[in-house]
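Residues per chain are reported as follows:
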Amino acid sequence: MTVSDKPTMIEFRDVQKYYGDYHALRGINATIKAGEFFSLLGPSGCGKTTLLRTIAGFEDISSGAVLIDGKDAAQIPPNKRPTNMVFQSYAIFPHLTVEQNVGFGLRRENLSKDEMGRRVGEALEMVGLKGFGKRAAHALSGGQRQRVALARALILKPKVLLLDEPLSALDKKLRENMQVELIKLQRQVGITFILVTHDQEEALVMSDRIAVMFEGQIAQLDDPETLYRRPKSRQVADFIGTMNFLPATAHPTSDGGFDVDVAGLGQCHIPADQAPGAATGNGVNVGFRPETLTILYEGQQPTDRETPGTVEEVVYYGDMTYYDVKLDGVAEPVRLSMRNVPGRPVLDIGTRTRVAWSPSALVLFR
Amino acid sequence: MKFPALKTYAIVYLIFLYAPIVLLPLFAFNNSKVIAFPLSGFTTEWFQMMWNDTQLFKAVKNSLIIAVSSSVLSTCLGVFAARASTRFNFPGKGSILGLIMLPMVLPEMIVAMSLLVVLLTIGMPLSILTIIMGHLLICTPFAVAILSSAFQSLDRSLEEAAYDLGETPASTFRLIVLPLVMPGIISSLLICFTISLDEFIIAYFLGGNQTVLSVYIYGQFRFPARVPAIMALGTVLVCLSICLLSIAEFYRRRGIARTGAKDTGGFL
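Residues numbered from 1 in each chain as written. Chains lettered and ligands numbered in written order. Predicted model: local features only at pLDDT ≥ 70, side-chain atom pairs only at ≥ 80, totals over all residues. Heavy atoms only, no water.

Caption draft 1: Quick look at the overall build of chain B. Helix and strand content of chain B: 11 helices and zero strands. Sequence-ordered secondary structure for chain B, helices as α and strands as β, is α-α-α-α-α-α-α-α-α-α-α. Each of the three principal axes of chain B carries a C-alpha extent, and together these read 70 × 60 × 35 Å. For chain B, the proportion of its 268 residues judged to be buried stands at 40%. For chain B, long-range pairs separated by at least 24 residues make up 69% of all intrachain contacts whose partners lie at least 6 apart in sequence. (Helix = DSSP H or I, 4+ residues; strand = E, 2+ residues; numbered from the N terminus. Buried < 20%, exposed > 50% of the residue type's maximum accessible area, 1.4 Å probe, protein only. Contact = heavy atoms within 4.5 Å.)

Structure below.
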């Protein structure tokens, strides 16, 4: 069963939110499926955290509706909602032990001491903190706090787990480890995870689907691959990874695609599915990712097309090298990336070179 | 030390500050009715005299009732005001807080006089109760100031987390907010208790025929024969103050150690 066959868990119906005159959420429409790992991605101030908090019940909405598992959430106070949250600051209760923190949500269930201990132990084991129960919460490291916050939120077996930038306070290595652990955990418990993040890489790595938000609106909602390969606007393309843009002219063809003339690359045909933000005429743009261009070394033949250029800048990353190449006839250099493999020397600045490309990697923008 | 002048200044300053307090026990145990050097011998007669003074006991009792009541009441009011000012936005918030804090800088004489006029006008008899009301007025600003900083340092998401985990707003306050602001509450109780205990003007103006400790001590200085007993009383008060401060500081530090917060020095 794929995610799209599953029942709807969260539904936003034209959600609007004003703070005084400030229009924070401008008509959000989206559905999130049960068991999905869903991310809200966007720059700070785009409304992603506000949207997450409307699910938890910490923000009222000005109009529209948020439905949780088919029920209008407006009628349910935060403490009765089938959602639990992992806060950006983790919000670990500093005056309680790890055990008391994790078991906090069970207080209302009137469990026996043994049952309580068993459930807390299970939750701690799930996040890899077995044996930490008696420790004082304030004495934990950042990564451990995060795990405590996770265990505390998951112990109530919510239908939806809300994560508000849970990894932003961790260092890079730990963050990457936690990303993988979170994915595993989500598969294991099968709960809907909704993640707020401003880190595009994090969203791409972890999510089943991503909603990219700008200024209180969802700019594009797609799976990571579509989002990366077929961004609908320059704004989305720019926010997710690096994208080169070249000016072009486009003429529609009978098959719904476009015949384009791209500066520096020449003429080619772009099919309809590569033109999500379709536009015709002069002054349109063609975008492509750095890894879709390849430098041709001596004797190599392109699989599709090639165009000449000059290396302007070289940035060496160890496993990769980034080149800024000025294509003949274009003012701005384009960035391309090459894996560093044996027998493929790093080029010097000023080298004349040939660049291989393919129309299938191009995206047409307004 | 590089600057002998600064060092001398610091020492002189400390002597000026604490020498009079050191003199209290010295004369309290001195076998002479005259408060002067040289000391003439050891006696506990003045403590005996103090112990047998029923007037004094009455004044102490009054003072304790007033100090405990006004510190508890003003701390309660302080909790409400601090909570409101740090958590909510409402019209006129700034001016309301300003008006609450005003008695802190208002000359006490003015407060005492105007209260006296009002009380006499409405015909309310002067008693311990009227003193408590006056002290409440001057203690509350201190309580609000201390508690505001305690509430300010509270991470809002802690409350949201408790709410999110099924607690009601009331139980969240009891389980999360109250324990975390406890060091502030202790500081506030202590400061208000001290302010009320040694307050003179309001107690003198609004006390009617009820005498409190500060007024009683002032009155006793008219009788030279009783001054050594006052010294004995002073000695007891100094010891009690040190004990009280130590206990409060112990609890404050324990509270901070428990939550792993940074020690910002507290009220001392």
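Caption draft 2: Fine view of the pattern of salt bridges. Tallied over the entire structure, the rule returns 24 salt bridges over all chains. Linking Asp328(A) and Arg352(A) is a salt bridge whose minimum nitrogen-to-oxygen distance equals 2.9 Å. Taken together, the residues Asp328(A) in the loop between strand E17 (320-327) and strand E18 (334-339) and Arg352(A) in strand E19 (residues 352-357) connect sequence positions 24 residues apart. Each of the salt bridges in this network shares a partner with another, and the network as a whole consists of Lys17(A), Arg53(A), Glu59(A) and Glu160(B). (Salt bridge = Lys/Arg side-chain N within 4 Å of Asp/Glu carboxyl O.)

Caption draft 3: Representation of the interface of chain B and chain A in the model. Residue-level contacts link 22 residues of chain B with 22 residues of chain A. With both sides pooled, the region where chain B packs onto chain A buries about 2,000 Å², and carbon together with sulfur makes up 59% of that total. At the boundary of chain B with chain A, the tally comes to three salt bridges. Counting the contacts that link chain B with chain A gives 10 residue pairs in polar contact (both at pLDDT 80 or more). When contributions to the side of chain B that touches chain A are tallied by element, the ones reaching two or more residues are helix H7 (156-164), helix H8 (169-197) and helix H11 (227-259) of chain B. (Buried area = accessible area lost by both parts, 1.4 Å probe. Polar contact = N/O pair within 3.5 Å; in protein donor to acceptor, adjacent residues only side chain to side chain.)

Caption draft 4: Structural view of the sheet that holds E19(A). Residues and elements named next belong to chain A. Pairing is antiparallel in the open sheet, where five strands are placed in the order E15-E19-E16-E17-E18. Each end of this open sheet is capped by a strand with a single partner; those strands are strand E15 (294-296) and E18. Taken pair by pair, the neighbouring strands of this sheet meet at an average axis angle of 50°, ignoring direction. Across six bridges, the pairing between E17 and E18 is antiparallel. Bridge pairing links Met-320 to Arg-339 in E18. (Pairing = 2+ DSSP bridges. Axes fitted to C-alpha atoms, helices over the stretch in contact; angles between N-to-C directions.)

Caption draft 5: Spatial organisation of unusual backbone geometry. Residues and elements named next belong to chain A. Positioned with a positive phi, Ala-91 is a non-glycine residue whose angle comes to about 50°. Despite not being glycine, Lys-157 has its phi angle at roughly 50°, a positive value. Relative accessible area serves as the criterion here: at 60%, Lys-157 is assigned to the exposed category.

Caption draft 6: Quick look at the sheet that holds strand E5 (residues 71-72) of chain A. Residue and element names in this part refer to chain A. Here we have four strands laid out as an open sheet, ordered E2-E1-E4-E5, and antiparallel in their pairing. Of all the strands in the sheet, just strand E2 (22-33) and E5 have a single pairing partner and so form its edges. Pairing analysis gives five bridges linking strand E1 (residues 8-19) to strand E4 (residues 63-68), with the strands arranged antiparallel. Looking across to E4, one finds that Glu-11 is bridged to Leu-67. Seen against the sheet, helix H1 (residues 48-56) touches E1, E2 and E4 and runs at an angle of roughly 120° to E1.

Caption draft 7: Quick look at the side chain of Thr54(A). Residues and elements named next belong to chain A. For Thr-54, the location among the structural elements is in helix H1. Overall, the relative accessible area of 2% leaves Thr-54 in the buried class. Among the polar contacts listed, one links the side chain of Thr-54 to the backbone oxygen of Leu-51, at a separation of 2.5 Å. Among residues more than four places away in sequence, those in contact with Thr-54 are Phe-12, Leu-25, Glu-59, Ile-61, Val-66 and Arg-81.

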